[in-house]
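Structural characterization, general
The lines below spell out each chain.
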Amino acid sequence: MSQDALVLTETHDRVGLVRINNPKALNALNNPLMTALMDALEAFDADDKIRAMVVTGNERAFAAGADIKEMVDETPESMNAKAHIAPFDRIMDIQKPVIAAVSGWCLGGGNELAMSCDMLVASETAQFGQPEINLGVIPGAGGTQRLTRAVGKVIAMEMVLNNRTLSAEEALHYGLANRVVPVERYLEEALELAQQIAVRAPVALRTGKAAVNQAFDTYLKDGIQAERDAFYGLFATEDQKEGMQAFAEKRPANWKGA
Ligand code: DAK
């Protein structure tokens, strides 16, 4: 694939890897790049051979935010009319697990993209922030919402109102990252985590992801009811029969994805 592509894709067994490829601008996320990124994720989501995905940037930057230069002259009307950076929301419809492998700058829209993934592996050099206040604006792709749910109100306030950045260790401490590893290992670690997930029961993976995400959208009682319905629903799958039989027979399960 051309090194000029906006994103680069690879497959590693059952894992699809998407690399953001705008290194000259610290992987700033412009509209065509976000479209290409979402196209790549959706293609992996539709590919039966792929069971999990990893999104990454490079060692220096996961992504330093949306492309500021692209936005300078916009107005509320033009932003709205262009559905500016609208491809961002398409990640919410991806059904397979997506892991962000983050090194270096993870700022603004970059952090919003990382937080839209399901899990996050950080290198020791990762720095997380929502610096939009420095530009006279606020986060616009879920930063105030997902960040607050992840790290809590006071830390989110400090990040959004005073450009506090979190180190990788702080991100781990506050629940933004699953794990922190040396920079040489962050991508490998994310791919390994994705490989572990990729061999699990596919329908249960999809159902579990949707159920956890529902926790953000519903009252507890409704969420618990939805979880129960989904749990019962899985008893219609071959994988549930296979998984429980395999346990009883003390052998590994052979998942059919049905
Ligand atoms: N946009 C465009 N170019 C960027 C960029 C960005 N976000 N970040 C870095 N670059 C470019 C720089 O302009 C520079 O380009 P040249 O001058 O070489 O042409 C190159 O990348 C290298 O950057 P620096 O020279 O600045 O590198 P340093 O190591 O000195 O500094 C830095 C690194 C990360 C501290 C600095 O580059 C920086 O502050 N960058 C901006 C970070 C930022 O403010 N990010 C938030 C952007 S606003 C929405 C969806 C998303 C969004 C909003 C709405 N909807 C769906 C509605 C998101 C908004 C944002 O993310």
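Conventions we followed
- Along every chain, residues carry numbers that run from 1 in the direction the sequence is written.
- At least 70 in pLDDT is required for a residue's local features to be given in this predicted model, at least 80 for side-chain atom pairs to be given and counted, and no such filter applies to totals for whole chains, interfaces and linings, which use all residues.
- Excluding hydrogens and water, the side-chain values take into account all heavy atoms of the structure.
- Any residue with at least one heavy atom within 4 Å of a molecule or strand is counted as near it.
- Whenever two N or O atoms come within 3.5 Å, that pair is a polar contact, provided that in protein one can donate a hydrogen and the other can accept it, and provided that, for residues adjacent in sequence, both atoms are side-chain atoms.
- Computed with the Shrake-Rupley method and a 1.4 Å probe, the accessible areas treat only the protein chains shown as cover for residues.
- Labels follow the DSSP assignment, with helices taken as runs of H or I lasting at least four residues and strands as runs of E lasting at least two, numbered in each case from the N terminus.
- Throughout this entry, Asp, Glu, Lys and Arg are counted as charged residues, while Ala, Val, Leu, Ile, Met, Phe, Trp, Tyr, Cys and Pro are counted as nonpolar. The remaining residues, Gly among them, count as polar.
- Whether two aromatic rings pair depends on their centres lying within 6.5 Å, for rings of Phe, Tyr and Trp, where Trp uses its six-membered ring; planes under 30 degrees apart make the pair stacked, over 60 edge-to-face, and the rest tilted.
- Throughout, exposure labels follow a simple rule: accessible area from a 1.4 Å probe, protein chains only, divided by the maximum for the residue type, with under 20% read as buried, over 50% as exposed, and the rest as partly exposed.
- Note on geometry: axes are lines fitted to C-alpha atoms, helical ones only across the stretch in contact, with angles between N-to-C directions running from 0 to 180 degrees.
- Here roughly perpendicular refers to angles of 65 to 115 degrees, roughly parallel to angles under 35, roughly antiparallel to angles over 145, and oblique to all remaining angles.
- A clockwise turn of the near helix away from the far one marks a right-handed crossing, whereas an anticlockwise turn of less than a right angle marks a left-handed crossing.
- Contact between two residues is taken to exist if any of their heavy atoms lie within 4.5 Å; hydrogens are not considered.

The next point concerns the site of the ligand. Close to the ligand lie 25 residues, the nearest being Ala 64, Ala 66, Ile 68, Lys 69 and Gly 109. Arg 60 places a polar side-chain atom, nitrogen or oxygen, 3.1 Å from an oxygen atom of the ligand. For the ligand, the accessible surface in isolation is 1,100 Å², of which the surrounding protein chains cover 65%. Where the shell around the ligand is concerned, the elements lending two or more residues are α2 (68–71), β6 (105–107) and α4 (109–116). With three residues, the top contributor of residues to the shell around the ligand is α2. Classifying every residue of the shell around the ligand gives 14 nonpolar, five polar and six charged.

Our next topic: the packing of aromatic side chains. Scanning all chains against the criterion turns up two aromatic pairs. Taken together, a centroid distance of 6.1 Å and an interplanar angle of 50 degrees make the contact between Phe 231 and Tyr 232 tilted. Of the residues examined, Phe 231 reaches a relative accessible area of 48% and is grouped as partly exposed. A centroid spacing of 5.2 Å and a plane angle of 70 degrees characterise the contact between Phe 231 and Phe 235, whose relative ring orientation is edge-to-face.

Attention shifts here to the packing of helix α5 (residues 143–151) against helix α6 (residues 153–162). With their axes 7 Å apart at the nearest point, α5 and α6 run at an angle of 140 degrees to one another. Between α5 and α6, the angle is such that the two are oblique. Crossing of α5 over α6 shows right-handed handedness. On the side of α5, the interface is formed by Thr 144, Leu 147, Thr 148 and Val 151, while α6 contributes Lys 153, Ile 155, Ala 156, Met 159 and Val 160. Along the lines of polarity and charge, the residues of the contact of α5 with α6 split into six nonpolar, two polar and one charged.

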